[in-house]
Amino acid sequence: MSIEESTVLDNPNLNGAKTIAVMERALASNDKNALLNRREFDKKGILAINLMSSPGSGKTTLLEATAKRSGLRFAVVEGDMETNRDADRLIKLGVKAYQITTGTACHLEADMVKKALENLELSDLDVIFVENVGNLVCPASYELGTHLNVVLLSTPEGDDKVLKYPVMFRKADLVLITKSELAELFDFSFDRVRDEARKLKPEIETIALSAKTGENFERWLAYVDSHLH
Ligand SMILES: Nc1nc2c(ncn2[C@@H]2O[C@H](COP(=O)(O)OP(=O)(O)OP(=O)(O)O)[C@@H](O)[C@H]2O)c(=O)[nH]1
Ligand SMILES: [Mg+2]
């Protein structure tokens with residue numbers, strides 16, 4: 001190890017400053033790609049929605065139910081650290097889906113979405129959904145060029161999550177409370193989530209639904225419909 005390297009590593013402040021500089025450069029380059037994605041969506045008149053949540057809160061199930069319960073013409077960019085499982089689930093239903101595996105990265109970046117767009121047939125689409133890598137932290141920091149951010153929170157995760165993960169929920173245009181039919185089992189208060197989300201961001205919308213029972217599913221479809229280009 002060189003003297004310069006050990007000085008950087010031994011000095012937490014210096015190392016922190018370097019890290020921040022590197023992060024800022026990476027984010028600036030990500031924003032440029034996000035802008036290119038946005039231009040592509042707008043040129044084609046496609047609404048793009050970024051779905052973010054913890055693993056297992058129901059992103060892919062929501063998309064499966066959307067395919068079954070609506071006439072929306074949509075494609076999906078799938079993000080996971082490993083496996084093609086989610087894309088395969090959607091392709092099985094006749095949905096165009098492209099899987100990105102991020103390896104060690106806990107989020108999608110705009111250039112990954114750009115590559116996926118090059119591999120999807122984008123003509124005659126109403127919507128592109130991007131299913132981000134499951135977690136409530138990293139995906140919030142990376143713009144993808146989508147028009148809307150939808151953050152899912154499932155009732156088994158607990159109703160205390162909004163203020164524990166404020167960076168994510170502040171990014172949300174819509175909070176979708178999923179697995180609504182299980183709320184009672186998990187002592188989950190819809191009001192608490194709605195109130196805390198509004199505290200963070202007064203204009204935020206919330207919908208509680210179940211992709212399994214279909215409860216309120218039409219409200220989700222109406223939300224998407226109301227934003228179509
Ligand atoms: N009871 C109930 N279970 C649901 C509902 N929606 C999804 N699930 C179940 O929750 C589990 C996880 O759902 P997924 O859709 O795979 O979750 P995900 O957010 O895509 O997960 P990752 O892609 O791993 O981040 C599955 O077993 C689903 O069947 C719901 O509305 N009610
Ligand atoms: Mg999934």
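Residue numbers here run from 1 along each chain, matching the order of that chain's written sequence. By the order in which they are written, chains take letters starting at A while ligands take numbers starting at 1. In view of the model being predicted, local features appear only for residues whose pLDDT reaches at least 70, and side-chain atom pairs are presented and counted only at 80 or more, with totals across whole chains, interfaces and linings using the full set of residues.

Novice: Break down the overall build of the chain for me, citing the residues and quoting the values.
Specialist: Along the backbone of the chain there are nine helices and seven strands. A radius of gyration in this sense is built from C-alpha atoms; the matching globule rule multiplies 2.2 Å by the number of residues raised to 0.38. By the compact-globule yardstick of 17 Å for 229 residues, the chain fits well, its C-alpha radius of gyration being 19 Å. If you line up the chain on its principal axes, its C-alpha atoms span 65 × 45 × 30 Å. Residue burial in the chain is summarised as follows: out of 229 residues, 38% are buried. Strands here mean DSSP runs of E at least two residues long; helices mean DSSP runs of H or I at least four residues long; both are numbered from the N terminus. We call a residue exposed when 12 or fewer other C-beta atoms sit within 10 Å of its C-beta, buried when the count reaches 20 or more, and partly exposed for counts in between; the C-beta positions come from the backbone.

Novice: Go over the site of ligand 1 with me, naming the residues and quoting the values.
Specialist: To decide nearness, the C-beta atom of each residue is placed from the backbone, and the residue is near a molecule or strand if that atom lies within 6 Å of it. Around ligand 1 sit 16 residues in total, of which Gly58, Lys59, Thr60, Thr61 and Gly134 are the nearest. The biggest single contributor to the shell around ligand 1 is helix α3 (residues 59-69), with three residues. Grouping the constituent residues of the shell around ligand 1 by class yields three nonpolar, nine polar and four charged. Note on residue classes: Ala, Val, Leu, Ile, Met, Phe, Trp, Tyr, Cys and Pro are nonpolar, Asp, Glu, Lys and Arg are charged, and everything else, Gly too, is polar.

Novice: If you had to explain helix α5 (residues 110-118) to someone new, which residues and values would you point to?
Specialist: Within α5, the full set of buried residues consists of Ala110, Met112, Val113, Ala116 and Leu117. Summarising the axial view, the buried residues of α5 lie within an arc of 155°, below the 170-degree limit, and thus occupy one face. Taking the helix axis as origin, the arc is that swept by the directions to the C-beta atoms.

Novice: Help me get a handle on the sheet that holds strand β7 (residues 205-208), residues and values and all.
Specialist: One key point about sheets: their strands pair by backbone hydrogen bonds, in either a parallel or an antiparallel sense. What the seven strands build is an open sheet, ordered β3-β2-β4-β1-β5-β6-β7; its pairing is parallel. The open sheet has two edge strands with one neighbour each: β3 (96-101) and β7. Sheet twist, expressed as the mean angle between neighbouring strand axes with direction ignored, is 20°. Here, any two strands with at least 2 DSSP bridges between them count as paired. Sheet topology note: the strand β5 (residues 148-154)/strand β6 (residues 174-178) ladder contains five bridges and is parallel. Its bridge partner being in β6, Ser154 is matched across the sheet by Thr178. Note on contacts: residues are paired as contacts if their backbone-placed C-beta atoms lie within 7 Å. Lines are fitted to the C-alpha atoms to define the axes, a helix being fitted only along its stretch in contact, and any angle between axes, read from their N-to-C directions, falls within 0 to 180 degrees. Against the sheet, α5 makes contact with β2 (74-80), β3 and β4 (127-131), and its axis sits at roughly 145° relative to β3, the strand it touches most. Its contacts with the sheet place helix α9 (residues 217-227) against β1 (47-52), β4, β5, β6 and β7, and it is angled at close to 145° to β7.

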